[in-house]
Amino acid sequence: MKIGIDVGGTHTDAVLLRGDEVASSIKALTSSDVTSGIIEALEHLLSDSGVAETEIEAVMLGTTQFTNAVVERRQLSEVAAIRVGLPSGNGLLPMTGWPSDIAAALGENVYMLHGGTLYDGQPLSPLDPVEVGRVIDDIKLRNLDTVAISAAFSPMTPEPELAIARQLQEAIPGVHITCSHNIGRLGLLERENAALLNAALLKFAGQVVGAFRSALTERGLTCPFYVSQNDGTLMDAEFVRQFPALTFASGPTNSLRGACKLTGLEDAIVIDIGGTTSDIGVLQGGFPRESNIVIEVGGVRTNFRMPDILALGLGGGSLVKDDGNTIGPRSVGHALVTEGMAFGGDTLTATDLLVASGRAKVGGAPFENLPPATIENGLKTIRDMLNLGVEKMMPSSDPLPVVLVGGGAILASDELDAASETYCPEHSGVANAIGAAIAQIGGEVERLVNYRELSREDALAQVANEARAMAVGAGADASTVRVADIEETTISYMAEGSTRLRIKAVGDVAGPGRGEG
Amino acid sequence: MVKLGSDALEDLSAGAVFLATGGGGDPYVAKLIAEQALEQYGPVDLIHPEELSDDAYVVAIGGVGAPTVSLELLPSIDDARATLQG
């Protein structure tokens, strides 16, 4: 049996899955210390289902804590930003183009060094030991213990980054380091940004992982726990400590995967309606369609692989204005249960329109003086916003089924014109926790190959085997491991046939008997 | 006379990419360089070609190369300056 928990900014959702069946679920408020909210959710699941602690094989956590930390500029460490690649880019220092408040939070400790490589791995210029030594001395002088290192073309040739990391580790024991080649793709500025954000979160990641572990231990759970990442696969605790930024889009990913599980639909449009926004994404073959454009996190450009999401300012707590002709983007958020009219407050929200029209039954406070025209206009505005959003995300002009999930799913009470069918499955309120619970373990391998030296078929098989082995090594059940994604990039300006091959294999979390036979 | 400052850059770069039919890739880096130059030297005058005298000294500096390379080896305004001085 597995438990999935999704820790959002407002709600902590949790489910207990017995095989494919939801044995118990709960939606609770996220506590300010996070831990007690998780313990409370676990308590409910275990007592409600009567399942013993020892029967739980694994706990999967989805969390928006790292995204929120970046967006709200909280819990970020000061970082030394080392860029290797002079003389190129000397006018564009690290953190150029960042909002000033987040640049200030990271401290703007910027170091530019000669070194890095060209596209074909030839050195741009060698690392200068004197220059590197001076940088390390200055980092020590400023008492910095967190560093992000980015070198030109490091995804192809990581050695310059690794060499500096080794010297830093020798000079500053316990230093936290993120090397950009581990976290991003080609595109120096965006990869450097990703490395900087990740580095700024490293210390917080240690605390979060510790808090998760102690919450489980306190409730008597000794099984392994995993954290879900952007692509819907899981990371173990040690990996999260090193790459917290890989959780940035896990929330939407979990909702989409949960919607797929709840309906069995592999190709659909999913609308996750919360208190403040509606996030619209697309399921293709059971996985989120990824975005092709640069993604900003907290105003900072990154090139993470993330699901393509359209966020509308429409949620259960959205304010209704202009006789129902304008809804959102402002929202009362989680104060809906005190400020919304249906709950006895005096703010007209989107939820109140549904209650007043008899389509939803929450709150229970009587309505007075709400003109029928406002209700009618408001419901039409909601439908129009959702239909337009669905149309923007549709892969073609053929309508797809639409799945509604999230706590605010009641807003879409009628069939949507842009959908072939509209689904609002049971347990849709906790789809994200279900998505976390069914997440798989992945292994990803990237290699530079030449199809003239090794046939394409053999190269694919070889790299796929490595990816499968890595997934099994990370805790996947070998009999369920399959190749989920193959990315082939022909490399221009190099010998003909040069290709960057990236293969991802995924499999189910192995049961307690793993490793035997 | 019309002055162009950094508030015009978003529209200018979108227009430039449109006129270049997408050639040269994402204008983001060029926009950052222009932003820094505007910050340092202030807004520039936008003039009509007709306003130039017939013997005006006009230098247009451009770059060639593969966008994939400039994604990693970022261009700098120094390159343009060096070209002009060299």
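Thresholds, definitions, all that
Along every chain, residues carry numbers that run from 1 in the direction the sequence is written. Labels follow written order: the first chain is A, the first ligand is 1, and so on. With the structure being a predicted model, the display of local features is reserved for residues of pLDDT at least 70 and the display and counting of side-chain atom pairs for 80 or more, all residues being used for whole-chain, interface and lining totals. Water and hydrogen atoms were dropped before computing side-chain values, which therefore reflect all heavy atoms in the structure. Numbering of helices and strands starts at the N terminus; helices are DSSP runs of H or I of at least 4 residues and strands are runs of E of at least 2. Remark: exposure states derive from per-residue accessible area (1.4 Å probe, protein chains only) relative to the maximum for the residue type, with buried under 20%, exposed over 50%, and partly exposed in between. Residue contacts follow a heavy-atom distance rule, with two residues in contact if any of their heavy atoms lie within 4.5 Å. Computed with the Shrake-Rupley method and a 1.4 Å probe, the accessible areas treat only the protein chains shown as cover for residues. A positive count includes Lys and Arg, and a negative count includes Asp and Glu. His and the chain ends are not counted in either. We put the charge of a Lys on NZ, of an Arg on CZ, of an Asp on CG and of a Glu on CD. Counted as salt bridges are all cases of a side-chain nitrogen of Lys or Arg within 4 Å of a carboxyl oxygen of Asp or Glu. Note on definitions: angles span 0 to 180 degrees between N-to-C directions of axes, and those axes are lines fitted to C-alpha atoms, for helices only across the stretch in contact. Just so you know how the angles are binned, under 35 degrees is roughly parallel, over 145 roughly antiparallel, 65 to 115 roughly perpendicular, and the rest oblique. Crossings are classed by handedness, with left-handed meaning an anticlockwise turn of the near helix from the far one by less than a right angle and right-handed meaning a clockwise turn. Think of it as three bins: nonpolar holds Ala, Val, Leu, Ile, Met, Phe, Trp, Tyr, Cys and Pro, charged holds Asp, Glu, Lys and Arg, and polar takes everything else, Gly as well. Here the quantity called buried area is the accessible surface, traced with a 1.4 Å probe, that two parts lose on coming together, added over both. Polar contacts, as counted here, are pairs of nitrogen or oxygen atoms within 3.5 Å of one another; within protein the pair requires one atom able to donate a hydrogen and one able to accept it, and residues that are adjacent in sequence qualify only if both atoms are side-chain atoms. Paired strands, as defined in this entry, are two strands with at least two bridges between them according to DSSP. Cysteine sulfur atoms are paired as a disulfide whenever they come within 2.5 Å of each other. Helices are assigned an expected span. That span is 1.5 Å times one less than the residue count. The seven residues ending at a residue and the seven starting there each receive a fitted axis; the angle between those axes is the bend at that residue.

Novice: Please set out the overall build of chain A residue by residue, giving values where relevant.
Specialist: From N to C terminus, chain A includes 13 helices and 23 strands. Viewed in the frame of its principal axes, chain A has a C-alpha envelope of about 75 × 55 × 50 Å. Scored against the burial criterion, the 517 residues of chain A give a buried share of 54%. A fraction of 66% describes how many contacts in chain A between residues 6 or more apart in sequence connect residues 24 or more apart. Of the roughly 21400 Å² of accessible surface on chain A, 49% is carried by carbon and sulfur atoms. Averaging the coordinates of the 37 positive side-chain charges in chain A and doing the same for the 65 negative ones gives two points 3 Å apart.

Novice: Tell me about the overall build of chain B, residues and numbers included.
Specialist: Assigned secondary structure in chain B consists of four helices and two strands. Reading chain B from its N end, one meets helices and strands in the order β-α-α-β-α-α. Overall, the C-alpha framework of chain B stretches about 40 × 30 × 30 Å when taken along its three principal axes. Evaluated residue by residue, chain B yields a buried proportion of 20% over its 86 residues. Considering only residue pairs separated by 6 or more positions, chain B has 73% of its internal contacts joining residues 24 or more positions apart. Within the structure as shown, chain B displays about 6400 Å² of accessible surface, and the carbon and sulfur contribution to it stands at 59%.

Novice: Give a description of the pattern of salt bridges that names residues and reports values.
Specialist: A complete count under the given rule lists 30 salt bridges over all chains for this structure. R301(A) is the salt-bridge partner of D26(B), the closest N and O atoms lying 3.2 Å from each other. Pair noted here: D26(B) is in the loop between α1 (9-19) and α2 (28-41) and R301(A) is in strand β15 (residues 300-302), and the two residues belong to different chains. Here the salt bridges do not stand alone but share partners, grouping D231(A), E290(A), R305(A), E444(A), D485(A), E487(A), R502(A) and K504(A) into one network.

Novice: Explain the packing of helix α2 (residues 65-72) of chain A against helix α6 (residues 188-218) of chain A residue by residue, including any values.
Specialist: Residues and elements named next belong to chain A. At a closest axis distance of 10 Å, the pairing of α2 and α6 adopts a crossing angle of 135 degrees. The pairing of α2 with α6 is recorded here as oblique in orientation. Crossing angle aside, the handedness with which α2 passes α6 is right-handed. On α6, the residues that touch Q65, F66, A69 and V70 of α2 are L197, L201, F204, A205, V208 and F212. Looking at the contact of α2 with α6 residue by residue, the classes come out as nine nonpolar, one polar and no charged.

Novice: Give a detailed account of the interface of chain A and chain B, specifying residues and quantitative values.
Specialist: Across the boundary between the two partners, chain A contributes 24 residues, which contact 16 residues of chain B. For the pairing of chain A and chain B, the buried interface totals around 1700 Å² over both sides, and the portion due to carbon and sulfur atoms is 64%. Our count for the contact surface shared by chain A and chain B stands at two salt bridges. The interface formed by chain A and chain B holds eight residue pairs in polar contact (both at pLDDT 80 or more) in total. Considering each element in turn, the side of chain A that touches chain B owes the most residues, four residues, to α6(A). Residues of the side of chain A that touches chain B, tallied by class, amount to eleven nonpolar, nine polar and four charged.

Novice: Give me the packing of helix α4 (residues 129-141) of chain A against helix α5 (residues 159-171) of chain A: which residues, what numbers.
Specialist: Residues and elements named next belong to chain A. Where α4 contacts α5, the two axes come as close as 11 Å, and the packing angle between them is 45 degrees. Taken together, the axis directions place α4 and α5 in an arrangement best described as oblique. Our pair here, α4 against α5, has a crossing hand that is right-handed. Judged by residue contacts, V132, I136, I139 and K140 of α4 engage Q167, L168 and A171 from α5. Taken together, the residues that form the contact of α4 with α5 break down as five nonpolar, one polar and one charged.

Novice: How would you explain the pairing of strand β21 (residues 440-450) of chain A if you had to name every residue and give the values?
Specialist: Two elements, strand β10 (residues 233-236) of chain A and β21(A), share two bridges in a ladder whose sense is parallel. Within β21(A), the residue paired with L234(A) across the bridge is I441(A).

Novice: Could you give me a rundown of the state of the cysteines, with the residues and numbers involved?
Specialist: Each disulfide is one covalent bond, formed between the sulfur atoms of two cysteines. Residues and elements named next belong to chain A. One pass over the structure, following the stated rule, counts zero disulfides over all chains. There is no disulfide at C260, and the cysteine sulfur nearest it, in C424, is 16 Å away. Residue classification places C424 among the partly exposed positions, given a relative accessible area of 47%.

Novice: Go over the side chain of Q65(A) with me, naming the residues and quoting the values.
Specialist: Take Q65(A): it is sitting in helix α2. Separated by 2.8 Å, the side chains of Q65(A) and T63(A) make a polar contact.

Novice: If you had to explain α6(A) to someone new, which residues and values would you point to?
Specialist: Note that an α-helix has 3.6 residues per turn; residues three or four places apart therefore point the same way. Residue and element names in this part refer to chain A. Taking 1.5 Å per residue as the helical rise, α6 with its 31 residues ought to reach 45 Å, and the 43 Å between its terminal C-alpha atoms agrees with that figure. Maximal helix bending in α6 amounts to about 45 degrees, located at L202. One or two positions beyond α6, positive phi appears at G220, with a value near 80 degrees.

Novice: Let's hear about the sheet that holds strand β7 (residues 146-151) of chain A: which residues, and what values?
Specialist: All names here are of chain A. In spatial order, the strands read β6-β5-β7-β8; together these four strands make up an open sheet with parallel pairing. Both outer strands of the open sheet, β6 (109-114) and β8 (176-179), are each paired with one neighbouring strand and no more. Going across the sheet, the axis of each strand differs from the next one's by a mean of 20 degrees, ignoring polarity. In this structure, strand β5 (residues 80-86) lies alongside β6, joined through six bridges in parallel fashion. Looking across to β6, one finds that V84 is bridged to L113. Where α4 meets the sheet, it contacts β5, β6 and β7, and its direction lies at approximately 170 degrees from that of β6. Packed on one face of the sheet, α5 meets β5, β6, β7 and β8 and runs near 155 degrees to β7.

Novice: Tell me about the pairing of strand β19 (residues 402-405) of chain A, and name the residues and values.
Specialist: Residues and elements named next belong to chain A. Burial of β19 is two-sided: the residues V402 and L404 facing one way and the residues V403 and V405 facing the other way are all buried. As paired elements, strand β11 (residues 268-273) and β19 share four bridges and run parallel to each other. Paired with D272 across the bridge in β19 is V405. Taken together, the two bridges between β19 and strand β20 (residues 422-423) define a ladder with parallel strand orientation. If you follow V402 over to β20, its bridge partner there is T422.

Novice: Explain the sheet that holds strand β4 (residues 58-63) of chain A to me, and be specific about the residues and the numbers.
Specialist: Residue and element names in this part refer to chain A. Here we have nine strands laid out as an open sheet, ordered β3-β2-β1-β4-β9-β10-β21-β23-β22, and mixed in their pairing. A single partner strand is all that each edge strand has here, and the edge strands are β3 (21-29) and β22 (482-490). Between one strand axis and the next, the sheet turns by 30 degrees as a mean value, whatever way the strands run. One ladder, built from ten bridges, connects β21 with strand β23 (residues 498-507); its direction is antiparallel. In the sheet register, G443 faces β23, and the bridge partner there is A505. In this fold helix α1 (residues 35-49) packs onto β1 (2-7), β2 (11-18), β3 and β4, with an angle of close to 145 degrees to the strand it touches most, β3.

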